[in-house]
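# Observations on chain architecture
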Amino acid sequence: MMDKNKPKVFVSYKIMPEAEAVLPEFCEYSKWTRAGTPSEDEIITLAWGADALLVDGANPISRKVVEALPRLRIVSNASVGYNNFDLAAMKEHNIMGMNVSGALDDSVVDLALGLIIACGRRICELDQLVKAGQWQLGGDETEHFGQDIHNQTLGIIGMGRIGENLARRARLGLEMKVLYHNRNRKPEAEKRLKVTYATLDDLLERSDYVVLITPATAETKHLMNRGNFARMKPTASFINVSRGPNVDEIALAEALQNRIIASAALDVYQQEPINPDSPLLRLKNLITLPHIGSATAATRLNMSLTAINNLRQALAGERPALIVPELR
Ligand code: DGY
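Residues numbered from 1 in each chain as written. Predicted model: local features only at pLDDT ≥ 70, side-chain atom pairs only at ≥ 80, totals over all residues. Heavy atoms only, no water.

## Concerning the sheet that holds strand β5 (residues 96-98)
What counts, and what does not: Strands qualify as paired when DSSP identifies two bridges or more between them. Segments assigned H or I by DSSP are reported as helices when at least four residues long, segments assigned E as strands when at least two residues long, and all are numbered from the N terminus. The axes used here are C-alpha line fits, helices contributing only the stretch in contact, and every angle between their N-to-C directions lies in the interval 0 to 180 degrees. In what follows, residue pairs with any heavy atoms lying within 4.5 Å of each other are defined as contacts.
If you trace the five strands from one edge of the open sheet to the other, you get β2-β1-β3-β4-β5, paired in parallel fashion. Where the open sheet ends on each side, the last strands, each with one partner, are β2 (28-31) and β5. Taking the axes of each pair of neighbouring strands and ignoring which way they run, one obtains an average angle of 15 degrees across the sheet. With three bridges connecting them, strand β1 (residues 8-11) and strand β3 (residues 52-55) associate as parallel partners. Directly across from Val9, in β3, lies its bridge partner Ala52. Against the sheet, helix α12 (residues 297-315) contacts β1, β3, β4 (74-77) and β5, and its axis sits at roughly 165 degrees relative to β4.

## Quick look at the nonpolar core
Grouped burial of nonpolar side chains is what soluble globular proteins tend to show. The cut-off we apply is this: Residues belong to a common nonpolar core when they are buried Ala, Val, Leu, Ile, Met, Phe, Trp, Tyr or Cys residues joined through side-chain atoms within 4.5 Å. Relative accessibility thresholds used throughout: buried, under 20% of the residue-type maximum; exposed, over 50%; partly exposed, between the two (1.4 Å probe, protein chains only).
Counting 78 residues, the largest nonpolar core has Leu53, Leu54, Leu154 and Leu166 as its most contacted members. Looking at this core element by element, the count peaks at nine residues for helix α5 (residues 105-120). Look past the residues within four positions of Leu166 in its chain and what remains in contact with it is Val109, Ala112, Leu113, Ile116, Leu154, Ile156, Val211 and Ile213. Among the nonpolar cores identified, the runner-up in size contains 28 residues, and Val210, Met224, Ala236 and Leu266 belong to it.

## Section: the sheet that holds strand β10 (residues 237-240)
Strand order across the open sheet formed by seven strands is β8-β7-β6-β9-β10-β11-β12, with parallel pairing between neighbours. The open sheet terminates on both sides in strands that have one partner only, identified here as β8 (196-197) and β12 (286-288). Bridge count for strand β6 (residues 153-157) against strand β9 (residues 209-212) is four bridges, and the pairing is parallel. Each residue of the ladder has a partner; that of Ile157, found in β9, is Leu212. Packing of helix α7 (residues 161-174) onto the sheet brings it into contact with β6, β7 (177-181) and β9, and relative to β6 it is tilted by some 175 degrees.

## Overview of helix α11 (residues 249-257)
Here is the rule we go by: Under the rule applied, a polar contact is a pair of N or O atoms within 3.5 Å (in protein, one hydrogen donor and one hydrogen acceptor; residues adjacent in sequence only if both atoms are side-chain atoms).
Among the residues of α11, Glu249, Ala251, Leu252, Ala253, Ala255 and Leu256 are the ones counted as buried. Those residues of α11 that are buried are in contact with α10 (226-231), β10, β11 (263-266) and β12. The N-cap of α11, judged by a side-chain oxygen 3.1 Å from the amide nitrogen of Ile250 a few residues on, is Asp248. Positive backbone phi, approximately 55 degrees, marks Arg259, located one or two places after α11.

## Brief notes about the pattern of salt bridges
The condition is simple: Note on definitions: salt bridges are taken to be side-chain nitrogens of Lys or Arg within 4 Å of carboxyl oxygens of Asp or Glu.
Per the stated rule, a full pass over the model turns up 20 salt bridges. Two residues, Arg169 and Asp106, come together in a salt bridge whose shortest N-O distance is 3.7 Å. With Arg169 in helix α7 and Asp106 in helix α5, this pair connects stretches of sequence that are 63 residues apart. On the accessibility criterion, Asp106 (47% relative accessible area) is partly exposed. The residue Glu188 makes a salt bridge to Arg192 at a minimum N-O spacing of 2.7 Å.

See the structure below:
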């Protein structure tokens, strides 16, 4: 039954039924049901009259969207990254914006650990070799050689919650040595996790595996560029589980092609989905995944339920703890 007093919400991503079931408890909602993700214009049309949006990181909460929806006052993002938010426009129009910080850390770290091992031991590349019938006995055994993981140095760029989780599990589970680079040095984390701070140059020069876990901001755009790939060891691997714009993809393709570095793995791209003509897709020493850092049923449900909890609190007039820092 329609309850005219309940606030109106538009859900602009494919929400799991277990999470959707909670919404009628506190709002009237409609949702995106078509294939793909809605454009700005589609959000504006479908969310007309909404007090709040429940979105994910693929939904543009641009100035155009913010200014076209007169009743909008809350946007709850079911993602941790919120580079889909136009923060300036949201601030000007007094719109509360929240993310699901903390809801996916373990799953992203699971993936990063998998990619470290997959890069070092060339798991995807050698899987393809076997399937292509190219496995020969008595040949040059060095063709299947990779790099060890244990006792090697992991360099983590970005020591937030996910970086710390990765450092702990890489040290304990894989017996790696860990260097980190962060905007601010973290002396307490250094002691607790037994990790060592390094300048970016030093980290790149000394690490066998470099994992990038920074948000996408103006400062991190193309943080990994030609110069920084050139600082890495020729035997080293680079892994990006953060955001695509942090990497200059042309520089990465060159570094892999010219064996400036040994291998890389990307879960995120400048443009998603990646253009099928991208030179990256022709490289055997690059693992390419379709942005699956948080893609397990349990974690995606946790993300939606966290976003719904934020939404419920905000609609009740409270200030959720997960309002993004720029909008606090
Ligand atoms: C996030 O939540 O930021 C993850 O990258 C999944 O989109």
